[in-house]
Amino acid sequence: MTYAPPTILAARTFLLDGVPGLTPAEVGIVGDTGHANTGTSYHLGKKQLAANAYSIIESPRDRNGLTDAAAGLDIGDFSFKVRGKTHTLRTFSAWLVAACKAGTADTKDIREVIYSTDGKNVRRWDRLGRRTTGDSSHLFHTHLSYFRDSEKKGKTALFRRYLTETGLLKDE
């Protein structure tokens with residue numbers, strides 16, 4: 001059965017502890033029945049995936065790292081204000097995609113980001129350049145997929161940098 005790997009669990013805990021307004025139900029790792037029925041999602045591990053799932057066949061980084069671990073992280077809506085500036089899921093998503101496009105070191109293991117910056121249009125940044133959109137559930141949450149070979153690599157540095165840049169977290 002699919003499990004949440006310790007590295008993504010650590011990122012989830014970091015987000016829940018650090019981002020005001022996020023609740024446990026809004027930060028997900030392992031897919032629900034709907035994900036399992038599709039058999040293709042990064043929220044699923046090896047035993048729940050269809051043999052031709054895009055999340056394993058399109059990259060050797062996914063094929064070579066395939067275990068029963070989930071490789072996805074969903075982040076739900078939030079809003080906080082620091083020094084007069086409001087930060088939301090939408091502004092975070094724009095920041096995240098810009099960081100991925102820039103190729104920052106803390107984004108190298110991210111395969112794709114499915115998100116909305118306006119609450120009307122769903123977009124997808126795909127490191128492999130295969131897809132550009134996603135389903136309407138991503139109007140309300142942002143999805144990150146990690147290459148499966150990064151299961152044991154830390155995932156919190158990106159979120160630490162975001163919270164530091166927003167001013168919510170103090171430089172250490």
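Our structure is the block above this text.
Now for a description of the structure that goes with this document. (Residues numbered from 1 in each chain as written. Predicted model: local features only at pLDDT ≥ 70, side-chain atom pairs only at ≥ 80, totals over all residues. Heavy atoms only, no water.)

## A look at the overall build of the protein chain
A count of helical and extended segments in the protein chain gives 6 helices and 7 strands. Walking the protein chain from its N terminus toward its C terminus, one meets helices and strands in the order α-β-α-α-α-β-β-β-α-β-β-β-α. For 172 residues, the compact-globule estimate of 2.2 N^0.38 gives 16 Å, and the C-alpha radius of gyration of the protein chain, at 15 Å, lies within 12% of that figure. C-alpha extents for the protein chain along the principal axes are approximately 50 × 35 × 30 Å. Looking at the protein chain as a whole, 48% of its 172 residues are labelled buried. Of the contacts formed within the protein chain by residues at least 6 apart in sequence, a portion of 63% connects residues at least 24 apart. (Helix = DSSP H or I, 4+ residues; strand = E, 2+ residues; numbered from the N terminus. Rg over C-alpha atoms; globule rule 2.2 N^0.38 Å. Buried < 20%, exposed > 50% of the residue type's maximum accessible area, 1.4 Å probe, protein only. Contact = heavy atoms within 4.5 Å.)

## Some details on the sheet that holds strand β2 (residues 72–76)
With antiparallel pairing, 5 strands are arranged side by side in an open sheet as β1-β2-β7-β5-β6. A single partner strand is all that each edge strand has here, and the edge strands are β1 (27–28) and β6 (123–126). When strand β5 (residues 110–115) meets strand β7 (residues 141–146), the two strands line up antiparallel, connected through 4 bridges. When the bridges of β7 are listed, Ile110 appears paired with Tyr146. On the sheet, helix α1 (residues 6–18) packs against β1, β2 and β7 and is oriented at approximately 10 degrees with respect to β2. (Pairing = 2+ DSSP bridges. Axes fitted to C-alpha atoms, helices over the stretch in contact; angles between N-to-C directions.)

## Remarks on empty space enclosed by the protein
Per the counting criterion, the structure on display carries 2 cavities of 30 Å³ or more. If you add up the space inside the largest cavity, you get close to 80 Å³. Around the largest cavity, the lining is made up of 14 residues, and of these Ala69, Ala70, Ala71, Arg148 and Glu151 lie nearest the centre. Its residues assigned to classes, the lining of the largest cavity comprises 8 nonpolar, 3 polar and 3 charged. Estimated volume of the second largest cavity: approximately 40 Å³. Every residue along the wall of the second largest cavity is listed here: Leu15, Val19, Ile75, Phe78, Phe92, Phe159, Tyr162 and Leu163. (1 Å grid on protein atoms, 1.4 Å probe; cavity = no way out; pocket = protein on both sides within 12 Å on 5 of 7 lines; lining within 4 Å. Points joined across faces, edges and corners; volume = space filled by probe spheres on them. Nonpolar A, V, L, I, M, F, W, Y, C, P; charged D, E, K, R; others polar.)

## Regarding the side chain of His143
Mapped onto the elements, His143 comes out in strand β7. On the basis of relative accessible area, His143 is assigned to the buried category, the value being 5%. Polar contacts involving the side chain of His143 include one to the side chain of His43, which spans 3.0 Å. (Polar contact = N/O pair within 3.5 Å; in protein donor to acceptor, adjacent residues only side chain to side chain.)

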